[in-house]
Amino acid sequence: MEKGRMRNLTMTAALNTALREEMRRDETVIVMGEDIGVYGGVYGVTIGLQREFGPDRVRDTPISEMAIAGMALGAALGGLRPVAEIMYCDFLAHAADAIVNNAAKWRYMSGGQYALPLVVRSPAGGGGGTAAQHSQSLEAWFTHIPGLKVVMPSVPRDARGLLKAAIRDDNPVVFIEHKHHYTYKGEVPAEEEIIPLGVADVKRAGTDLTVVSWSRHLTLCLEAAEILAAEGISLEVVDPRTLQPLDLATICQSVAKTGRLAVVHEAVLFGGFGGEIVAQVVQECWGDLKQPPLRIGAPFCPIPYSEPMESFVIPQVTTIVDRLRAYLA
Amino acid sequence: MPNPRPDDLRHLYRLMVTIRRFEEVATERYLAAGRAGQFMGALHTYVGEEAIAVGVCSLLREDDFVISTHRGHGHCLAKGADPGPMLAELAGRETGYSRGYGGSMHIFAPELGLLGGNGIVGGGMPLAAGAAFTAQYTGTDRVAVCFFGDGASKQGTFHESFNLCALWDLPALFVCENNCYAATTPVKDSCPIVDIAEMAHGYGCPGVVVDGNNVLAVRAVAEEAIARARAGRGPTLIEAKTYRMKPHCMVIRETRDQCELDEWAEKDPIQRFEAYLLEEGGLAAEELRGIRDEVDTVLAAAAAFADASPWPDPARVMEVLWA
Ligand SMILES: Cc1ncc(C[n+]2csc(CCOP(=O)(O)OP(=O)(O)O)c2C)c(N)n1
Ligand SMILES: [Mg+2]
């Protein structure tokens, strides 16, 4: 990593830092959502913001997701830069009308007259027995909607830099965090850092296989890479960081080097975003591929509650290691 | 309403104590599982709100529908669910009501008219309208009871569903459990009016406020609302004012003022009912203790049943996906 002072932060603290820095910089940045003000958010991402910026800028709302997302759009049209929190990404289904039918299309339908600087943050993912309605990974829904950007950070440095970029972006951004990744720690530069949307990052260099993954599963892939390295297998782990826009060039560059591609995500495999990446790579890098790409994801079922079933559904490090090893054998 | 008979009173008391003890046992088991490294979701307990589910559900027939919430254990038990398969569900076992697929928020028992808990706040209200529609359409006099919180009353689904029920005279009861908070948000910060019951008036329907910590008072208003619904005269909104005596769930820290907690502890619905039973209901202290002991025995057996039950085979995750 570059020179300069680094701080070791959790994902939560990194996101909190981004919000704080942007709110200090620009008073049009406002934050709203359920239990985000006095309490600081059920995952603590907005802790202390209301104390610093006051209840006008850091608003606790009733349980009204459609209004929260719709208000974010209205406020953006009025010139603010709202950051709305939807407590769990499953509830984005409630907010989806405002996001999908309105926010994604307002600029376009008006012939480009509006900038829509709004961010909707929400945690996705399973792994803690929260069952089918509190565990989904729904990023593919939003990547399919022209007009939305979709960001999914995997490490604290990216979380901070990408959230800052998302807030400054003049388009609606769906910013998806992972509820079982908030305590994950990593180095974050003390100075300001904006990480542009649409730029992938090679998280680990390697030669045998390109593994593309994001959010919490990216870090599971790094663990898998460590384990496989001990067996003499060298993975290159690429983090797109934003799924929309997608930095295909970085992925293709890696595939050109390794000749192999695996995509790993927590979301249901069928119709998952991994399919899009594989399709694009096959089109662009057909000649480089030594073997058909591999996809790892959840089977086509909701997340079951019971622990043995839940861990069966969500790809674990051991599963990833086994599947990749077998793929390369 | 005539005073309930002693047998009814015993039944109500037993149900309330069962719910309370169930929640205590579930909490202990949750904590024990946590110490053993197993995380069992959130677990929202109904402690302090027992009088509402019991007051309403004790008047329902087995074929009436109940649509529950994330805080649904009380609704299930009051509608006749067995604590054994309920604890087994919480433990993620094969023998649970939902065979381990659902967990605490998702207990379903079609045979009891339990159409399910719901992890989506406000998600149950349109379902209740649909169940009430079915009752009307098939020419029965069944009713659908929808429980929901003060927080849920702020979802658009309340208005859309209540309007439909009012418009079509659907046999539904909307029971708002106003426990003063939605997670950490006090009701005054989410609701500009004091009585949520008033919202019904905008749809030309009765909206009644009741002391949700008084089981007999709840029963009285529920009886009228159920009769009205069965007679084809449409929905009622009952707002039962109550208080959740425990934190929102196991993963949200307590934010409420100790004085406020103490104040409401004084109004504990079970203690109040006990006082009533002893002073006016003609029941003896000995008898109440007997009921409590019986409930303890039932719950110990339920816990043993859950623990002895097999875990589901992970390979069957696809098994129930399609009908
Ligand atoms: C659509 C939706 N939004 C938010 C949540 C998160 N959540 C779960 S329970 C809860 C509070 C619900 O309050 P209330 O309706 O008053 O019921 P109570 O918990 O007090 O019984 C919240 C915000 C959710 N589960 N679903
Ligand atoms: Mg409430």
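1. Topic: the overall build of chain A
Here is step 1 of the chain: Broken down by element type, chain A carries eleven helices and 14 strands.
Here is step 2 of the chain: Taking 329 residues into account, the globule formula puts the C-alpha radius of gyration at 20 Å, and chain A, at 19 Å, falls close to it.
Here is step 3 of the chain: Overall, chain A is about 60 × 45 × 40 Å in size when its C-alpha atoms are taken along their principal axes.
Here is step 4 of the chain: Long-range contacts, defined here as pairs at least 24 residues apart, represent 79% of the contacts in chain A between residues at least 6 apart.

2. Regarding the site of ligand 1
Here is step 1 of the chain: Around ligand 1, a shell composed of 24 residues is seen, among which B:Val121, B:Gly149, B:Gly151, B:Ala152 and B:Ala182 lie nearest.
Here is step 2 of the chain: Proximal residues around ligand 1 fall on chains A and B, making this an inter-chain site.
Here is step 3 of the chain: Class assignment of the residues belonging to the shell around ligand 1 gives a composition of nine nonpolar, nine polar and six charged.

3. Things to note about the domain arrangement of chain A
Residue and element names in this part refer to chain A.
Here is step 1 of the chain: Each assigned domain of chain A is listed with its residue range as follows: domain 1 (7-189) and domain 2 (201-328).
Here is step 2 of the chain: Contact residues are listed per partner, giving 27 residues for domain 1 and 22 residues for domain 2.
Here is step 3 of the chain: Elements with a contribution of two residues or more to the side of domain 1 that touches domain 2: α5 (139-143), β6 (149-151), α6 (156-168) and β7 (173-178).
Here is step 4 of the chain: Partitioned by chemical class, the residues of the side of domain 1 that touches domain 2 number twelve nonpolar, twelve polar and three charged.

4. Re the interface of chain A and chain B
Here is step 1 of the chain: Contacts between the two partners involve 27 residues from chain A and, on the opposite side, 35 residues from chain B.
Here is step 2 of the chain: Sort the elements by how many residues they give to the side of chain A that touches chain B and helix α10 (residues 307-313) of chain A lands first, with five residues.

5. Some remarks on the packing of helix α4 (residues 83-90) of chain B against helix α10 (residues 285-308) of chain B
Residue and element names in this part refer to chain B.
Here is step 1 of the chain: It is at 8 Å that the axes of α4 and α10 come closest, and there the two elements cross at 45 degrees. The orientation of α4 with respect to α10, classified from their angle, is oblique. Viewed along their axes, α4 and α10 form a crossing whose handedness is right-handed. Taking contact as the criterion, the partners of Pro-83, Gly-84, Leu-87 and Ala-88 in α4 are, on α10, Val-298, Leu-299, Ala-301, Ala-302, Ala-303, Phe-305 and Ala-306.
Here is step 2 of the chain: In the contact of α4 with α10, the residues fall into ten nonpolar, one polar and no charged.

6. Here we look at the pairing of strand β3 (residues 172-178) of chain B
Residues and elements named next belong to chain B.
Here is step 1 of the chain: The element β3 is extensively covered by neighbouring structure, given that seven of its seven residues are classed as buried.
Here is step 2 of the chain: Side chains Ala-172, Phe-174, Cys-176 and Asn-178 of β3 all project onto a buried face; the interleaved residues Leu-173, Val-175 and Glu-177 project onto the opposite face, where all are buried too.
Here is step 3 of the chain: Looking at chain direction, strand β2 (residues 144-149) and β3 are connected through six bridges and run parallel. Counterpart to Cys-146 in the pairing with β3 is Phe-174.
Here is step 4 of the chain: The handedness of the β2 to β3 crossover, carried by helix α6 (residues 156-167), is right-handed.
Here is step 5 of the chain: For β3 and strand β7 (residues 236-241), the ladder comprises six bridges, and the chain directions are parallel. Its bridge partner being in β7, Leu-173 is matched across the sheet by Thr-236.

7. Quick word on the packing of helix α1 (residues 6-35) of chain B against α10(B)
Residue and element names in this part refer to chain B.
Here is step 1 of the chain: Running from N to C, α1 and α10 cross one another at 40 degrees; their axes reach a closest spacing of 9 Å. Classed by the angle they form, the pair α1 and α10 counts as oblique. Crossing angle aside, the handedness with which α1 passes α10 is right-handed. Here Arg-10, Tyr-13, Arg-14, Val-17, Thr-18, Arg-21, Phe-22, Val-25 and Arg-29 of α1 lie close against α10, whose contacting residues are Leu-288, Ile-291, Arg-292, Val-295, Asp-296, Leu-299 and Ala-303.
Here is step 2 of the chain: Partitioning the contact of α1 with α10 into residue classes produces nine nonpolar, one polar and six charged.

8. Regarding the nonpolar core
Here is step 1 of the chain: Counting residues in each nonpolar core, the largest one holds 199 residues, and the members touching the most others are B:Val145, B:Cys146, B:Ala172 and B:Leu173.
Here is step 2 of the chain: Per-element tally for this core: the top contributor is α1(B), with ten residues.
Here is step 3 of the chain: Looking at which domains feed residues into this core, each of domain 1 (7-189) and domain 2 (201-328) of chain A supplies at least three.
Here is step 4 of the chain: Among residues more than four places away in sequence, those in contact with B:Cys146 are B:Ile67, B:Gly124, B:Met125, B:Ala128, B:Ala172, B:Leu173, B:Phe174 and B:Val175.

9. Focus on the sheet that holds strand β13 (residues 261-268) of chain A
Residues and elements named next belong to chain A.
Here is step 1 of the chain: Ordered in space as β9-β11-β10-β13-β14, the five strands form an open sheet in which the pairing is mixed. One side of each edge strand has no neighbouring strand; the edge strands of this open sheet are β9 (201-204) and β14 (294-298). Geometrically, the sheet is characterised by an average inter-axis angle of 25 degrees between neighbouring strands, direction not taken into account.
Here is step 2 of the chain: With three bridges connecting them, β9 and strand β11 (residues 235-239) associate as antiparallel partners. Within β11, the residue paired with Asp-201 across the bridge is Asp-239.
Here is step 3 of the chain: Of the strands in this sheet, β9, β10 (209-213), β11 and β13 touch helix α8 (residues 248-258), which is tilted by about 155 degrees from β10.
Here is step 4 of the chain: Strand contacts of helix α11 (residues 317-328): β10, β13 and β14, with the helix running at about 160 degrees to β14, the strand carrying the most contacts.

Reading guide: rules and limits
Residues numbered from 1 in each chain as written. Chains lettered and ligands numbered in written order. Predicted model: local features only at pLDDT ≥ 70, side-chain atom pairs only at ≥ 80, totals over all residues. Helix = DSSP H or I, 4+ residues; strand = E, 2+ residues; numbered from the N terminus. Rg over C-alpha atoms; globule rule 2.2 N^0.38 Å. Contact = placed C-beta atoms within 7 Å. Near = placed C-beta within 6 Å. Nonpolar A, V, L, I, M, F, W, Y, C, P; charged D, E, K, R; others polar. Domains from an automatic or database assignment. Axes fitted to C-alpha atoms, helices over the stretch in contact; angles between N-to-C directions. Parallel < 35°, antiparallel > 145°, perpendicular 65-115°, else oblique. Left-handed = near helix turned anticlockwise from the far one by under 90°. Buried ≥ 20, exposed ≤ 12 C-beta atoms within 10 Å, placed from the backbone. Pairing = 2+ DSSP bridges. Right-handed = clockwise from strand over helix to strand, strands pointing away. Core = buried A, V, L, I, M, F, W, Y, C linked by C-beta atoms within 7 Å.

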